[in-house]
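Notes for the structure review
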Amino acid sequence: MEESGLTTDETGRTHCTWRTAAPEYPRYHDHEWGVPVAGDIALYEKICLEGFQAGMAWITILRKREQFRAAFDGFDFHRVAQYDEADIERLMQDPGIVRNRAKIVSTLNNARRACELVEETGSLARWLWAFEPGDDERPTVVDLAYWTQNPTSPASVRLSKALKKRGWTFVGPTTMYALMQAVGMVNDHLEGCACRPHIEDLRCQFTRP
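Anyway, here's the lowdown on the structure attached to this text. Since this is a predicted model, take the numbers as computed values, not measurements. (Residues numbered from 1 in each chain as written. Predicted model: local features only at pLDDT ≥ 70, side-chain atom pairs only at ≥ 80, totals over all residues. Heavy atoms only, no water.)

**What about the pattern of salt bridges?**
Taken as a whole and judged by the stated rule, the model has 18 salt bridges. Between Arg69 and Glu45 there is a salt bridge; the shortest N-O distance is 2.9 Å. A residue pair is termed long-range when its members are at least 10 positions apart, and Arg69 in helix 3 (residues 58-71) and Glu45 in helix 2 (residues 40-53) qualify at 24 residues. Across the pair Arg196 and Glu191 runs a salt bridge whose closest N-O atoms are separated by 3.4 Å. Assessed through its relative accessible area of 15%, Arg196 is described here as buried. Residues joined by salt bridges that share partners form a network here, namely Glu132, Glu200, Arg203 and Arg208. (Salt bridge = Lys/Arg side-chain N within 4 Å of Asp/Glu carboxyl O. Helix = DSSP H or I, 4+ residues; strand = E, 2+ residues; numbered from the N terminus. Buried < 20%, exposed > 50% of the residue type's maximum accessible area, 1.4 Å probe, protein only.)

Rendered as structure tokens:
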């Protein structure tokens, strides 16, 4: 069954195979990945962490997430927007996070862009969720072939272009598709995964910002 991207556990429940790749993944897969997110700060955090993940394994970021939160004031972008060169140097000395200067600088830049967007539109969440793809852009069946062949989507390309136009960085189409998967803008649990219908129910009940 693993060739389909699915694995059946000892209880007989079938899940996406990546759930078994690390001890931290079952909780993340079962209770977080794909659950709709509406909070501005939570969405900013997701954008930043997906940006830090670029070129790395997601498990590396997940294991450091609490350290990231501590280092970046809980990803309160109003506070991060006030960071200066001394904060960049502080962050570069923090072994608990990924010490990549370009990505740290990007996090500060994106905090300022988030503040601008909220001032202009009133809500980062409402602006981001406007890029949720319609049913006509989604596959009939989400299977391993779809996953493999589609690291981006038309909606993630649109979101990436719109953010870059506003001066955001580390927001490429692949990174933005990972964001959409993580925050429930799409349900990419594979067909047959026990979590897929649950996430679909949450998406149906979710009030878009």
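**Let's talk about the nonpolar core**
Ranked by size, the top nonpolar core spans 63 residues in total, and within it Tyr44, Phe68, Phe72, Leu124 and Leu159 carry the most contacts. Apart from the residues within four sequence positions on either side, Tyr44 is in contact with Phe75, Phe77, Val80, Thr107, Asn110, Ala111, Ala114 and Leu124. (Core = buried A, V, L, I, M, F, W, Y, C linked by side-chain atoms within 4.5 Å. Contact = heavy atoms within 4.5 Å.)

**What to know about the packing of aromatic side chains**
Overall, the coordinates contain 14 aromatic pairs when judged by the stated rule. Each ring, one from Trp18 and one from Tyr25, has its centre 5.2 Å from the other, and the planes form 90 degrees; the classification is edge-to-face. On the basis of relative accessible area, Tyr25 is assigned to the buried category, the value being 9%. Three or more aromatic residues link up through ring pairs in this structure, and these residues are Tyr44, Phe52, Phe68, Phe72, Phe75, Phe77 and Tyr83. Residue placement shows Arg90 over the ring face of Tyr83; its charged tip is 5.3 Å from the ring centre. (Phe/Tyr/Trp six-rings, centres within 6.5 Å; stacked < 30°, edge-to-face > 60°. Lys NZ or Arg CZ within 6 Å of the ring centre and 35° of its normal.)

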